[in-house]
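Examination of the molecular architecture
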Amino acid sequence: MNLSDKPTIPAQVMARKVGDETVILDLAGGTYYGLDPVGARIWQLMGEGKTLGEICDTMLDEYDVTREALQRDVIDLADKLLEQNLISIG
Amino acid sequence: MSIVYSVAPPVPQQPIDQVPFHEWSLPDGTLWSLFFRRATGYLLRFPDFADFNISYDGHEVSAYPVPGVSQQTVDHLYLNQVLPLALGRQGKLVFHASAVEIGSAAVAFMGESGKGKSTLAASFATSGFRFLTDDGLMLEANGSGYQVMPSHPSIRLWLDSKTALIAPDTPTAPALEFTSKSRFLAGESIPFCDTPRPLRRVYFLGDGSTLAVTFQRMKPAAALIDLIKHSFLLDFEEPEMLAAHFDELSSLASLPIYFRLDYPRRYEDLAAVRQAIIEHATHESEPA
C-alpha cells in the first residue's frame, strides 16, 4: 500500500475499545486483531475516510515521531489489516 | 435457564444433502461434530452417536440418538456440547472453562481441551473447595460484576488425572461410548457448589512449558481476544448476534480480573499450584 491509498472499513468489521487498546473483529470470517493506542488512532482515522498520507499528517501533530518512522508504521499496519480483510482499498 | 430438552426414539442417521457451515474435529483428526443451518434453527450431528436440533432462539433442543447409543452418552453430549451452544443462542455468555469456589467467590480456569481445566477443578474439589463447573462456564451480569452459574455436578478426567486425584471408592457415572475419560459425580469427596458465586478471577492456562508457577496480568484487549476464542458460539456468521456478543465480551474484558497462569504439569506439584492460586486469588490487589 502507499500513502495515496484510502482504506475503507467493511461493514462486517467492527471494533471495540477496551482499556487503552482496541480489538477489531471481522464478523464474517471470525478473525480478530488487537491494536495498541497508536494503532487504534490509525484505525480511527481510517474510519474517518482519510488517505494513509492524511493520517500521517494528522498524527505528526499528535505524536513525537519522525515522518519517516510514522509513514512506515502506518503502511505496515495497513498492509497487515488488508491481508486479514479488516480493511479494503478503493 | 429455560430450555425444553427432549429425546426422540433411536433412529439411524440419514445422509444430509447440505454442506455443513462448521465442523469440529478431535485433536487426532477424527470428525467430531457437523453444524448445519435449518429452516427453524440448527442441526448438530455427532456421527454415529446422535443428531440434535436446536431451535433458532436456543430454547428448544431435541435429541435423535443412533440405535445402540446409551442414554448417558446422549445426555452427556447434550450437557457438554449442545446445551452451552443453545445457551449461547439465547445470548448467554458461555465459555470453555472450569470454576471453583475460593473464599466466597468463583475462580475460573479457561483454556483449550487438554490444558488442565478439569484437573485443576478436580484438584481443588478433592481438597475441599467446591466446584461450580468442569466445563461450559456460564456467566450472568450482576450489578457491577458477573456471577458464575453452577453447571451439572460431575467432573470428567483422563486416566492419569483420575489415578492421581480421585480416591478409589469415589462414585463414577456410567461409562460413555465416545471417550475414555471417567466421569465422577459430585458428593462428599468431590463437593459441588450449587449456588451462583461472584466471579473474582479468570486464569487463562498456559501450555506447561515453565519451571515455576507464574501469573501474568492481562490487558483488556488480550483478555477480550481470549474470551472470544473460548466462547461457545453456534453461528459465527450471524452479524447481529455476534455484534451483541462482542459488546458483552468487551464489558466483561474491562474488568481487572484476567491473568495468564502457567505451571509445570506434574501431579506432585498440584498442592503447591493450588496454594499459589489461592494466595493470588485472595491477596492480589486490584489495580488502580
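So, a few notes on the structure that sits alongside this text. Just so we're clear, the structure is a prediction, and the values are computed from it rather than from any experiment. (Residues numbered from 1 in each chain as written. Chains lettered and ligands numbered in written order. Predicted model: local features only at pLDDT ≥ 70, side-chain atom pairs only at ≥ 80, totals over all residues. Heavy atoms only, no water.)

Things to note about the overall build of chain B
Looking only at helices and strands, one finds 6 helices and 17 strands in chain B. Counting over 288 residues, chain B shows a buried share of 52%. Sequence-distant contacts, at least 24 apart, represent 69% of the contacts inside chain B between residues at least 6 apart. Taken as a whole, chain B presents about 12,800 Å² of accessible surface, with 53% of it coming from carbon and sulfur. (Helix = DSSP H or I, 4+ residues; strand = E, 2+ residues; numbered from the N terminus. Buried < 20%, exposed > 50% of the residue type's maximum accessible area, 1.4 Å probe, protein only. Contact = heavy atoms within 4.5 Å. Areas by Shrake-Rupley, 256 points an atom, 1.4 Å probe, with all protein chains shown as cover.)

Observations regarding unusual backbone geometry
Peptide bonds are mostly trans, and most non-glycine residues show a negative phi. The phi angle at Asn 85 of chain A is positive, at roughly 60 degrees, despite the residue not being glycine. Tracing the chain through its elements places Asn 85 of chain A in the loop between helix H3 (67-83) and strand S5 (88-89). Even without being glycine, Asp 48 of chain B reaches a positive phi, approximately 75 degrees. Within the secondary structure, Asp 48 of chain B sits in the loop between strand S4 (41-46) and strand S5 (50-55).

Side note on the pattern of salt bridges
A complete count under the given rule lists 14 salt bridges over all chains for this structure. Linking Asp 247 of chain B and Arg 16 of chain A is a salt bridge whose minimum nitrogen-to-oxygen distance equals 2.3 Å. Within this pair, whereas Asp 247 of chain B is found in helix H5 (residues 239-253), its partner Arg 16 of chain A is found in strand S2 (residues 13-18), the two belonging to separate chains. By relative accessible area, which is 36% here, Asp 247 of chain B ends up partly exposed. Residue Lys 229 of chain B is joined to Asp 226 of chain B by a salt bridge in which the shortest nitrogen-to-oxygen separation is 3.5 Å. Placement of the pair is Lys 229 of chain B and Asp 226 of chain B together in helix H4 (residues 220-229), with a separation of 3 residues, close to one helical turn. Classification of Lys 229 of chain B as partly exposed rests on a relative accessible area of 44%. (Salt bridge = Lys/Arg side-chain N within 4 Å of Asp/Glu carboxyl O.)

As for the packing of helix H2 (residues 52-60) of chain A against H3 of chain A
Residue and element names in this part refer to chain A. One can describe the packing of H2 onto H3 by two numbers: an axis separation of 10 Å at closest approach and a directional angle of 135 degrees. Our classification of the angle between H2 and H3 gives oblique. The crossing of H2 and H3 is right-handed. Residues Leu 52, Ile 55, Cys 56, Asp 57, Met 59 and Leu 60 of H2 touch H3, and the partners they reach there are Arg 67, Leu 70, Gln 71, Val 74, Ile 75 and Ala 78. Considered class by class, the residues forming the contact of H2 with H3 number 9 nonpolar, 1 polar and 2 charged. (Axes fitted to C-alpha atoms, helices over the stretch in contact; angles between N-to-C directions. Parallel < 35°, antiparallel > 145°, perpendicular 65-115°, else oblique. Left-handed = near helix turned anticlockwise from the far one by under 90°. Nonpolar A, V, L, I, M, F, W, Y, C, P; charged D, E, K, R; others polar.)

A closer look at the side chain of Asn 80 of chain B
All names here are of chain B. Structurally, Asn 80 can be placed in helix H1 (residues 71-89). Relative accessible area serves as the criterion here: at 6%, Asn 80 is assigned to the buried category. Those residues in contact with Asn 80 that sit more than four places away from it in its chain are Asp 134, Asp 135, His 152, Arg 156 and Phe 232.

Here's the deal with the sheet that holds strand S3 (residues 21-26) of chain A
Residues and elements named next belong to chain A. Judged by pairing direction, the sheet is antiparallel, and its 3 strands sit side by side in the order S2-S3-S4 without closing on themselves. Unpaired on one side and paired on the other, S2 and strand S4 (32-35) mark the two borders of the sheet. In this sheet, adjacent strand axes meet at a mean angle of 20 degrees when their direction is disregarded. Strand direction decides the pairing type here: S3 and S4, joined by 4 bridges, are antiparallel. In the strand pairing of S4, Val 23 is matched with Gly 34. Each of S2, S3 and S4 touches helix H1 (residues 37-47); the most contacted strand, S4, lies at about 115 degrees to it. (Pairing = 2+ DSSP bridges.)

Thoughts on the interface of chain B and chain A
The interface of chain B with chain A comprises 17 residues on the first partner and 15 residues on the second. Across the interface of chain B and chain A, roughly 1,400 Å² is buried in total on both sides, 74% from carbon and sulfur atoms. Remark: the boundary between chain B and chain A carries 3 salt bridges. For the salt bridge of Glu 21 of chain A with Lys 219 of chain B, the shortest nitrogen-to-oxygen distance reads 3.8 Å. Viewed at the interface, chain A and chain B are joined by 1 residue pair in polar contact (both at pLDDT 80 or more). Looking at the side of chain B that touches chain A, the elements that each hand over two or more residues are H4 and H5 of chain B. The element contributing the most residues to the side of chain B that touches chain A is H5 of chain B, with 7 residues. (Buried area = accessible area lost by both parts, 1.4 Å probe. Polar contact = N/O pair within 3.5 Å; in protein donor to acceptor, adjacent residues only side chain to side chain.)

Examining the sheet that holds strand S1 (residues 4-7) of chain B
Residue and element names in this part refer to chain B. A sheet is described by the order of its strands in space; here 6 strands give the open sequence S1-S6-S5-S4-S3-S2, paired in mixed fashion. Only two strands of the sheet have a single partner each, and these edge strands are S1 and strand S2 (22-25). With direction set aside, neighbouring strand axes in the sheet form an average angle of 15 degrees. Pairing analysis gives 5 bridges linking strand S3 (residues 31-38) to S4, with the strands arranged antiparallel. The residue bridging Arg 37 from the neighbouring strand is Tyr 42, located in S4.

A short note on the side chain of Arg 197 of chain B
Residues and elements named next belong to chain B. Checked against the element boundaries, Arg 197 lands in strand S15 (residues 197-205). We classify Arg 197 as buried; its relative accessible area is 18%. Within the local environment of Arg 197, its side chain forms a polar contact with the side chain of Glu 101, the two groups lying 2.7 Å apart. The contact partners of Arg 197, leaving out residues within four places of it in the chain, are Glu 101, Ser 104, Ala 105, Ala 106, Arg 130, Leu 132, Tyr 146, Gln 147 and Val 148.

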